[in-house]
Amino acid sequence: MLTQFSRRRRTAAFLALAAALTVAAPVAEARPGGGGSFGSRGSRTYTAPSATPTAPGGGSTMQRSQTAPSPGMSNPGMQAPAAPGRRFGGGFFAGLLGAGLLGALLGGGFFGGLGGLASMIGLLFQVGLVVLVVMLAVRFFRRRSEPAGAGAPYARSTLDGGPNQGGPMGGQAPAAGGSFGGARPVQTRKVEVGPADYQAFERLLGDIQDAYTREDRVTLGNLATPEMAGYFDEELRNNAAQGVVNKITDVKLLQGDLAEAWGEDRTDYATVAMRYALKDVMVDRASGRVVKTEPAPEAVELWTFQRQPGRGWVLSAIQQTR
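What you see as residue numbers is a count from 1 along each chain, following the sequence as written. Under the rules for a predicted model, residues below a pLDDT of 70 receive no local features and side-chain atom pairs below 80 are neither given nor counted, while totals for whole chains, interfaces and linings still include all residues. The basis for every side-chain value is the complete set of non-hydrogen atoms in the structure, without hydrogens or water.

1. What to know about the packing of aromatic side chains
Defined as follows: Side-chain rings of Phe, Tyr and Trp (the six-membered ring for Trp) are treated as a pair once their centres are within 6.5 Å; stacked means planes under 30 degrees apart, edge-to-face means over 60, and tilted covers the remaining angles. Helix and strand assignments come from DSSP, with helices taken as H or I runs of at least 4 residues and strands as E runs of at least 2, each series counted from the N terminus. Here's how the labels work: a residue is buried when its accessible area is under 20% of the maximum for its type, exposed when over 50%, partly exposed in between, all with a 1.4 Å probe on protein chains only.
In this structure the tally under the stated criterion is seven aromatic pairs. Arranged with centres 5.2 Å apart and planes meeting at 70°, the rings of Phe-201 and Trp-313 form a pair that is edge-to-face. In this pair, Phe-201 sits in helix α4 (residues 195-213) while Trp-313 sits in the loop between β6 (298-307) and β7 (314-320), placing the two residues 112 residues apart along the sequence. By the burial criterion, Phe-201 is buried, and Trp-313 matches it. Ring geometry for Tyr-212 and Phe-232: centres 5.9 Å apart, planes at 75°, overall edge-to-face.

2. Quick word on helix α6 (residues 226-241)
Here is the rule: Take the number of residues in a helix, subtract one, and multiply by 1.5 Å to get its expected span. Residue contacts are defined here by distance: any two heavy atoms, one from each residue, within 4.5 Å place the two residues in contact.
Look at α6: 22 Å from first C-alpha to last across 16 residues, which is about the 22 Å you get at 1.5 Å a residue. What α6 keeps buried is the set Glu-227, Met-228, Ala-229, Tyr-231, Phe-232, Glu-235, Leu-236 and Asn-239. Its buried side turned inward, α6 meets β1 (38-39), α4, α5 (217-223), β3 (244-264), β4 (267-284) and β7. Residue Gly-243 follows α6 closely and has a positive phi angle near 75°.

3. Here we look at the nonpolar core
Stated precisely, the cut-off is as follows: Here, nonpolar core means buried Ala, Val, Leu, Ile, Met, Phe, Trp, Tyr and Cys residues that are tied together by side-chain atoms lying within 4.5 Å of each other.
By size, the foremost hydrophobic cluster in this structure holds 33 residues, and its most contacted members are Phe-232, Trp-303, Phe-305 and Leu-315. Looking at this core element by element, the count peaks at eight residues for α4. Residue contacts for Phe-232: discarding those within four places in its chain leaves Pro-32, Gly-33, Phe-38, Ile-208, Tyr-212, Leu-220, Ala-224, Leu-315 and Ile-318.

4. Description of the pattern of salt bridges
This is how it is decided: Salt bridge, as applied in this entry: a Lys or Arg side-chain nitrogen positioned within 4 Å of an Asp or Glu carboxyl oxygen.
Inspection of every chain in the model, using the stated rule, returns 15 salt bridges. For Asp-233, the salt bridge goes to Arg-237, with nearest N and O atoms at 2.9 Å. A residue pair is termed a helical-turn pair when its members lie 3 or 4 positions apart in one helix, as Asp-233 and Arg-237 do in helix α6 at four residues. Ionic pairing is found between Lys-292 and Glu-294, a salt bridge with its closest N-O pair at 3.5 Å. What you see here is one network of salt bridges that share partners, running through Arg-189, Asp-197, Asp-268 and Arg-307.

All quantities given are derived from atomic positions and should not be read as evidence of function.
See below:
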C-alpha cells in the first residue's frame, strides 16, 4: 500500500505535468479581426485570394465563415469553431490525461496498485506515455493547420490607379473548387472597380478601425455585413471580459491594390490587399493605463468588400497574408 507521502508526491508530479502540458491558446493580435482570416467571399470563400504587389504571397485560406461549402468542395483552410471549454485532441487526449490525474489523486495512477520502486517506474512510464501522446497530437494538428498553396502572382491595379482592366479574374469563372458531382458552377461576371471605389475602400479601412476603437457596434453594423459585425462584437465582448479596450489610432493606408473583383447574382465583390500604418494598444478599461502595445507599426491584410444594387460597399471578410 502506498504511503501518504508517496501519494502526495505522485499527485504533485501529475499536477505539475498537467500544467506544463496545457496548450495555451495563441495570443491573437489586436485590431479588428485579431490577426485572423474570417468572413465570406461568396463562391470564393474557401479559395485563397490571389497574390498582388502589396501581398506577394497571396492571402491565407478562411478560418471562420458562415458560408457553407458546396457539396464536395475542398476547404482545407476551414476550421470548425471549437466547442466551449475544449482544446485540441478532443475526448481521447482529455480522457487519457484525466484518467491519469484521477488515478494519481486516488493513489492508483494509470495502472494502479503499484508501490515503492515499482510505483516510481510506473510514474515515469505514464509521464513518457503522456508526453508521446502530446507530441503526436501537436504534430498532427500543426500539419492540419498548414494553409494550401496559392495561385501564381499577378498584379492588376492599385488603389491609386484607374479601373480594373480585366485579367484572369475579370471574366466568367467557376465557383471555388469547380464543379463536383455534376453540381453547376456559380456564374460570375466582370465588375469594374474605379477611383471612387478605391476611395470608398480606404475610407472604410479608417472608419471601421475608428468604430472598433469606440466600440460603436451600430456603426460597425452599418459598415460591415452582419456576419462580420457579429465577429467584431464577439471580440469586443471578450475585451470587456478582460477589462481592456483596444485603442487604434493614426490609421493610414500606405499601399494597396486589387486582387480580385467579380459579381455573383446581384452582389459585387472586391478583394483588396492593403498595407497600412497604425498605432495599436490595449488599455485598461478602468484606469486607462496601457497594458499592451503591438510592436508592429504596419499591417498587411486582404479585405473583401461587397455591394448590393443601390447600396455602398461594406466589409465582408478579412484575410491575413501568407
